[in-house]
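Examining the three-dimensional arrangement
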Amino acid sequence: MDKLVSLCKRRGYIFQSSEIYGGLNGCWDYGPLGVELLRNVKESWWRAMTYREDIEGIDAAILMHPRVWEASGHVANFTDPMVDCRECKARFRADQIEDAPCGNPGYKGRKASKCQAEGKFTEPRQFNLMFKTFIGPVEDSSGVVYLRPETAQGIFVNFLNVQSSSRQKLPFGIAQVGKAFRNEINTKNFLFRTREFEQMEMQFFVKPGTDVEWFEYWKAERMKWFADFGMSRGKLRFSPHAPDKLAHYAKAAFDIEYEFPFGWGEIEGIHNRTDYDLSRHEQYSGKSMKYFDEQTKERFTPYIIETSAGASRSFMAFLVDAYREEEAPTADGKTEMRVVLRLHPRLAPITAAVFPLVNRDGMPEISRKIEAMIRPHFRVFYDDSGAVGRRYRRQDEAGTPWCFTVDSQTLQDQTVTVRDRDSMRQERIAIDAIVGYLRDKLAA
Ligand code: GAP
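The structure contained in this document is the topic of the report that follows. Quick caveat: nothing in here was measured; it's all calculated off a predicted structure. (Residues numbered from 1 in each chain as written. Predicted model: local features only at pLDDT ≥ 70, side-chain atom pairs only at ≥ 80, totals over all residues. Heavy atoms only, no water.)

This structure, assessed with the given rule, holds 26 aromatic pairs. Look at Phe404 and Tyr437: their rings are 6.2 Å apart centre to centre, the planes differ by 80°, and that puts the pair in the edge-to-face class. One end of the pair, Phe404, is in strand β21 (residues 402-406); the other, Tyr437, is in helix α14 (residues 434-443), and 33 residues separate them in sequence. For Tyr437, a relative accessible area of 14% translates into the label buried. Taken together through their ring pairs, the aromatic side chains of Phe192, Tyr258, Phe260 and Phe262 make up a single cluster. (Phe/Tyr/Trp six-rings, centres within 6.5 Å; stacked < 30°, edge-to-face > 60°. Helix = DSSP H or I, 4+ residues; strand = E, 2+ residues; numbered from the N terminus. Buried < 20%, exposed > 50% of the residue type's maximum accessible area, 1.4 Å probe, protein only.)

Pasting the structure below:
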């Protein structure tokens, strides 16, 4: 993880939020390469989920009516037990003390559980994880609103709006990608548990009785999505929630977990939420949330199968999975270590790089023309500084799948070399064929 975190900063994937002021705990900024990778993760999810007949997309507001969070159960139940150390004032989640280090930097290597055993901790108090703010100029209880802790509620409250405007029939789904906020007591493991993050959620509305089969369908689809985008199968697994650990709304739940360097961690949850959410919103809003089936003339509350992935956690899992340190040949026949991100080409922040072998004989001019030819279609990077081997290394670290080099042969036959990031093999192709080459490779 340390190597990955330092690569992320050095190459502009992730920066600490407000770094010049010492940072803000649990918040991170995506740099030039990071924002492209994150957008590609979200775009690939969006395409997989909404470019089909039975799913519509929405983009709901982050601020919602405060009654939404009463109906959802978040005001009453979205809490973690918190304890404080009376000595060093560090704050812990009461259920996560086991693994936590002591908060006093003077006691290096000491476990928080030791301080607890010595009676230094307060009694646990319930702490609500929703960030509160006020709407309008008066900061009193009548203006309280929350930053959404999940995007799902924006989908539930719009169920009938979407269904009637898009004339969808059950079963169908609604997908959304957006920011969520949780005032986590302990943030940890880089992007894994942060206070501001993005979710990619889809709620699939089904007729009660068909929910078990749709649950199985979405479990398989979502696992396949991670594998299709190159994540190692052996580092992915399902983890079922035991019946006594199920969330209050769920009939069944599985997490998709990835094996990070710090252990297995959830990247997506798949839940059978039954009719809990729509029933609660019906009860709290006084508006019917029922679906009318034209064929059977039945009116009923649909069940919901939820797929809820973290965009930020998926981003980190894709990065961790792609990171390799490998031996690579040098120009003088020796070998050196290279760091390479073997990202799926559709996720890679830059699709192609263009290099003139040397900065003379018209090579930069041809290279610039090739760059201009690629730019309307794909993210492309032009680099003419340093030895070509160093330029390859820089693109390996950025995860760029293909590098095109203009050399002396180009001047004669209008061909360039294309070097493949993973195999490091090179072949020659005609300049005119470059855009088609990239298109075919990405489609493959
Ligand atoms: N609507 C259901 C829901 O929000 P969740 O398991 O609390 O379920 C879903 O969250 C996903 O959101 C998780 O699998 C994870 O990827 C992501 N997530 C949750 N809390 C997070 C946090 N503090 N930081 C980063 N990602 C988080």
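Now that the structure has been shown, we can carry on.
The final tally for this structure, using the stated rule, is 42 salt bridges. A salt bridge links Lys251 to Asp211; its shortest N-O distance comes to 2.8 Å. With a gap of 40 residues between them, Lys251 in the loop between β11 (236-240) and β12 (252-260) and Asp211 in helix α8 (residues 211-228) connect regions that are remote in the sequence. Using a relative accessible area of 42% as the deciding quantity, one classes Lys251 as partly exposed. The class of Asp211 is buried, set by a relative accessible area of 2%. Linking Arg394 and Asp383 is a salt bridge whose minimum nitrogen-to-oxygen distance equals 2.9 Å. Residue Arg394 is found in helix α12 (residues 388-398), and its partner Asp383 is found in the loop between β20 (380-382) and α12; the two are separated by 11 residues along the sequence. (Salt bridge = Lys/Arg side-chain N within 4 Å of Asp/Glu carboxyl O.)

That's the geometry; what it means functionally is another story.
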